[in-house]
Amino acid sequence: MPGGSEQDLVVPGHPVPRRSLDRDARLVAPELLGKVLVHGGRAARIVEVEAYAGGEDPASHAFRGRTARNAVMFGPPGHLYVYFTYGMHWCANVVCGPDGGASAVLLRAGAPLAGVDEMFGARPAARRERDLCSGPAKLCQALGIDGSANGDDLVMAGGVVLVDDGTPPPHHPGVSARIGISAGQEHPWRWFVPGDPNVSRPSARRP
DNA sequence: CGTTTGATGCTCT
DNA sequence: GAGCATCAAACGG
């Protein structure tokens, strides 16, 4: 197959165009449902996302301005913002537009598509396939994404890549408030694929 | 089954 | 020093 890249062997498709990400995260987020996150030989279809609206959103890491940690959010769209939290977990976001606006989409859950054996190896606690990517930190652990992927260009091969394999987003996605935040709970900026078993479950207590 | 609690360390005040 | 865009083990019914 002439011109075939290694990524084509993992999942057929093409990188998500950067221009489609150069909009506010609240518009991009539901469009990312169904897209495929690829890292090496592992891939997962995105089934749950949350939008963080930059400087105007009290829940956003960018709310209090640019710092060393959130610098990638203030850069151009189409890059990956990876942060470390709770002393042990990595979480990944797609930086959206406009450039400098610091809006981003948190990737909260995915359906395992490729490299499932590697995912189980990376996540010893997982017993079933639905335990592999059903949370933002689980997704990163399963795909082997950590701080070294911070700033990766999702449109370019070589690191973490966002791929469109032709699967459309759901016509009527599920919508709810965002999970795990203290400020900004009034905004319904979480979207998910209804009925998908990989969508994260509310971990009981939510005051 | 559903709910509670401990882990663990970086980031910003 | 407080808080954190979380997870999984432990606990109780």
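In short, a report on the structure. Model, not experiment: these values are computed from the prediction. (Residues numbered from 1 in each chain as written. Chains lettered and ligands numbered in written order. Predicted model: local features only at pLDDT ≥ 70, side-chain atom pairs only at ≥ 80, totals over all residues. Heavy atoms only, no water.)

**Describing the protein's contact with DNA strand C**
The local shell around DNA strand C holds 19 residues, among which His61, Tyr83, Asn93, Arg123 and Ser182 are the closest. Close to the protein, within 4 Å, the atoms of DNA strand C belong to sugar or phosphate groups at a rate of 57%. Between Ala59 and DNA strand C, the recorded distance is 3.4 Å, taken from a backbone N or O atom to a base nitrogen. Within the contact set of DNA strand C, a phosphate oxygen lies 2.7 Å away from a side-chain nitrogen or oxygen of Arg123. Of all the elements in the fold, those that place two or more residues in the surface near DNA strand C are strand S5 (89-95), strand S6 (103-114) and helix H5 (136-143). (Near = heavy atom within 4 Å. Polar contact = N/O pair within 3.5 Å; in protein donor to acceptor, adjacent residues only side chain to side chain. Helix = DSSP H or I, 4+ residues; strand = E, 2+ residues; numbered from the N terminus.)

**With respect to the environment of Tyr81**
As for its placement among the helices and strands, Tyr81 is situated in strand S4 (residues 80-85). Since its relative accessible area comes to 1%, Tyr81 is described here as buried. With 10 residues separating them along the chain, Tyr81 and Ala71 place their C-alpha atoms 8.6 Å apart. Not counting the four nearest positions on each side in its chain, Tyr81 is found in contact with His61, Arg69, Asn70, Val72, Met73, Cys91, Ala92, Asn93, Val95 and Asn150. Of note is the side chain of Tyr81, whose polar atom sits 2.8 Å from the side chain of His61. (Buried < 20%, exposed > 50% of the residue type's maximum accessible area, 1.4 Å probe, protein only. Contact = heavy atoms within 4.5 Å.)

**Some details on the side chain of Glu50**
Within the secondary structure layout, Glu50 lies in strand S3 (residues 42-53). Since its relative accessible area comes to 0%, Glu50 is described here as buried. Once residues within four sequence positions are removed from consideration, Glu50 is found in contact with Ala104, Val105, Leu106, Arg108, Arg178, Ile179, Trp189 and Arg190.

Structural measurements only, silent on function.
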